[in-house]
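# Structural overview
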Amino acid sequence: MSTENDTIYISTPKIFSFAECRNFLDRGYDDCLFSIEDATIRKPLRINGEKGLFAISQQETHLKVEECTGAIPKNHFSEAKQYIVDWLGLERDLQPFYELLEQHDELAWMPDRYHGLRLIGIPDLFEALCWCVIGQQINLTFAYKLKRRLVEKFGTFITYDSQRHYFFPEPEVLAQLTADELREMQFSRRKGEYIIGIAQQFAEGALEKSSLTSLPDRQQMLDRLTKIRGVGEWTANYVLMKSLQQPNCITYGDTGLQSAVSELLGLNRKPNREEVEELFTPFAGWESYLNIYLWRTLSSYR
DNA sequence: CCCCAGGGCCATA
DNA sequence: TATGGCCATGGG
């Protein structure tokens with residue numbers, strides 16, 4: 001039961017479409033870490049050690065965020081608010097990006113078609129890294145299936161309204177696994193090793209989001225991330241974009257990005273790195289957004 | 001049967 | 001440092 005005290009209001013930026021963001025989250029894949037019912041997004045969040053469930057909906061020029069369980073003390077709501085701002089990418093004003101798109105011969109149609117789509121993130125760095133490893137080189141349907149297995153076996157959940165809402169497993173839990181256990185769940189042996197290794201680094205405190213964000217520039221963040229076994233250029237850029245909200249990332253080598261660029265330019269083949277760079281050149285400072293808008297062209301919903 | 005999915009490691013030269 | 005094999009599974 002929600003009272004006024006359990007509600008947060010987040011003002012939405014000028015160029016924002018709740019429907020675009022909602023439809024991106026519900027674009028046909030089976031994600032186990034949130035749920036969507038009509039125009040409400042439900043997201044379980046751990047705040048200050050307590051587990052709550054947040055229901056997000058739109059109310060005029062605000063997002064209305066209700067904590068359903070009553071488990072989260074009100075003085076910690078600001079942390080939930082920050083998570084949602086990062087998750088739904090509410091921070092930036094997209095006007096400069098749209099002006100660049102409108103000046104571009106092949107992309108000028110985007111601001112109208114995808115109006116208000118934000119960079120939907122993965123604020124939890126550990127989760128983001130694991131998700132990248134899972135998704136490497138396999139189709140997304142299978143990747144989401146693997147993620148669900150991992151989460152339902154090793155994660156925790158709360159029950160609300162007779163539904164389970166899962167949290168991504170803690171590093172300390174995954175750090176104890178053996179590669180064999182993950183292999184039995186149809187992870188490749190190598191991916192099992194990567195995930196366990198990443199979990200161990202987090203569990204030992206050798207890797208944390210705050211130490212990455214404190215690095216002076218993107219190149220040093222890339223260098224730190226690619227030192228991790230299982231993390232190459234694609235994963236590092238994906239993580240900087242989706243977890244650290246870095247504006248200037250390109251997921252080089254990404255098959256989805258390549259097919260989007262190929263389709264856009266009518267190449268009938270995969271673009272090479274130079275062709276991708278050329279397309280991104282006019283979008284300095286907005287590469288991450290162009291990247292996700294190009295991904296958006298791959299989905300046929302609405 | 002083939003190839004490819006929102007890659008990256010590792011052996012080889 | 002560059003190249004090719006390999007990995008897991010499912011869909012086309």
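Residues numbered from 1 in each chain as written. Chains lettered and ligands numbered in written order. Predicted model: local features only at pLDDT ≥ 70, side-chain atom pairs only at ≥ 80, totals over all residues.

As annotated in an unreviewed UniProt entry, chain A carries the name DNA-3-methyladenine glycosylase II and comes from Fodinibius halophilus. As its UniProt record puts it under Sequence similarities (unreviewed entry), chain A is described as follows: "Belongs to the alkylbase DNA glycosidase AlkA family." Under the Catalytic activity (unreviewed entry) heading, UniProt states for chain A: "Hydrolysis of alkylated DNA, releasing 3-methyladenine, 3-methylguanine, 7-methylguanine and 7-methyladenine." (UniProt positions renumbered as here; feature names shortened; annotations may be inferred.)

### Comments concerning the protein's contact with DNA strand B
Lining the immediate surroundings of DNA strand B are 20 residues, of which Gln136, Gly232, Trp234, Thr235 and Gly256 lie closest. Of all the elements, helix H12 (residues 233-242) adds the most residues to the surface near DNA strand B, at four residues. Considering only residue class, the surface near DNA strand B consists of six nonpolar, 11 polar and three charged. (Near = placed C-beta within 6 Å. Helix = DSSP H or I, 4+ residues; strand = E, 2+ residues; numbered from the N terminus. Nonpolar A, V, L, I, M, F, W, Y, C, P; charged D, E, K, R; others polar.)

### Some points on the packing of helix H5 (residues 125-135) against helix H9 (residues 189-204)
Viewed as axis vectors pointing N to C, H5 and H9 meet at an angle of 170 degrees, and their least axial separation amounts to 9 Å. Taken as axis vectors, H5 and H9 run roughly antiparallel relative to one another. Of the residues in H9, those in contact with Phe126, Leu129, Cys130, Val133 and Ile134 of H5 are Lys191, Tyr194, Ile195, Ile198 and Phe202. The residue inventory of the contact of H5 with H9, partitioned by class, reads nine nonpolar, no polar and one charged. (Axes fitted to C-alpha atoms, helices over the stretch in contact; angles between N-to-C directions. Parallel < 35°, antiparallel > 145°, perpendicular 65-115°, else oblique. Contact = placed C-beta atoms within 7 Å.)

### Some thoughts on the domain arrangement of chain A
According to the domain assignment, chain A consists of domain 1 (4-91), domain 2 (108-121 + 247-302) and domain 3 (125-157 + 169-242). The straight-line distance from the C-alpha centre of domain 1 to that of domain 2 is 26 Å. Counting residues at the interface gives 15 residues for domain 1 and 11 residues for domain 2. Put simply, the parts of the chain that give the side of domain 1 that touches domain 2 at least two residues each are helix H1 (18-25) and helix H2 (77-87). Residues that form the side of domain 1 that touches domain 2 fall into these classes: eight nonpolar, four polar and three charged. (Domains from an automatic or database assignment.)

### Focus: the sheet that holds strand E4 (residues 50-59)
The sheet built from five strands is open, its strands ordered E1-E5-E4-E3-E2 with antiparallel pairing. Looking along the sheet, the strands with just one partner apiece sit at the ends: strand E1 (7-11) and strand E2 (35-37). Put simply, the sheet's adjacent strands are angled 30 degrees from each other on average, direction ignored. (Pairing = 2+ DSSP bridges.)

### Comments concerning the protein's contact with DNA strand C
In the vicinity of DNA strand C, the residues found are Gln137, Ile138, Asn139, Phe142, Gln186, Ser188, Arg189 and Arg190. Each residue belonging to the surface near DNA strand C can be placed in one class, and the counts come to two nonpolar, four polar and two charged.

### Details of the pairing of strand E7 (residues 163-166)
In this structure, strand E6 (residues 157-160) lies alongside E7, joined through four bridges in antiparallel fashion. Opposite Thr159, over in E7, you have Arg164 as the bridge partner. The turn linking E6 back onto E7 is made up of two residues, and Asp161 within it adopts a positive phi angle of 55 degrees.

### Quick look at H1
Three or more residues of H1 are buried, namely Cys21, Arg22 and Phe24. All buried residues of H1 lie within an arc of 160 degrees about the axis, which places them on one face of the element. Among the structural elements, E2 and strand E3 (40-47) are those in contact with the buried residues of H1. (Buried ≥ 20, exposed ≤ 12 C-beta atoms within 10 Å, placed from the backbone. Arc of directions from axis to C-beta.)

### Examining the packing of helix H11 (residues 218-226) against H12
Contact pair H11 / H12: the axes reach a minimum separation of 9 Å and the direction vectors enclose 125 degrees. By the criterion of interaxial angle, the relationship of H11 to H12 is oblique. Seen from above, H11 lies across H12 with right-handed handedness. On the side of H11, the interface is formed by Arg218, Met221, Leu222, Leu225 and Thr226, while H12 contributes Glu233, Ala236, Val239 and Leu240. (Left-handed = near helix turned anticlockwise from the far one by under 90°.)

### Observations regarding the nonpolar core
It is characteristic of soluble globular proteins that their nonpolar side chains tend to be buried jointly. Within the largest apolar cluster, 67 residues are counted, with the highest numbers of intra-cluster contacts made by Leu129, Cys130, Ile195 and Val239. Once residues within four sequence positions are removed from consideration, Leu129 is found in contact with Ile198, Val231 and Val239. (Core = buried A, V, L, I, M, F, W, Y, C linked by C-beta atoms within 7 Å.)

### Some points on the pairing of strand E5 (residues 62-67)
The alternating pattern of E5 places Leu63, Val65 and Glu67 on a buried face, while none of His62, Lys64 and Glu66, on the opposite face, is buried. Relative to E5, E1 runs antiparallel, the two sharing five bridges. Across the sheet, residue Ile10 finds its bridge partner in E5, namely Leu63. Here E4 pairs with E5 via six bridges, running antiparallel. Note that in E5 the partner of Gln59 across the bridge is His62.

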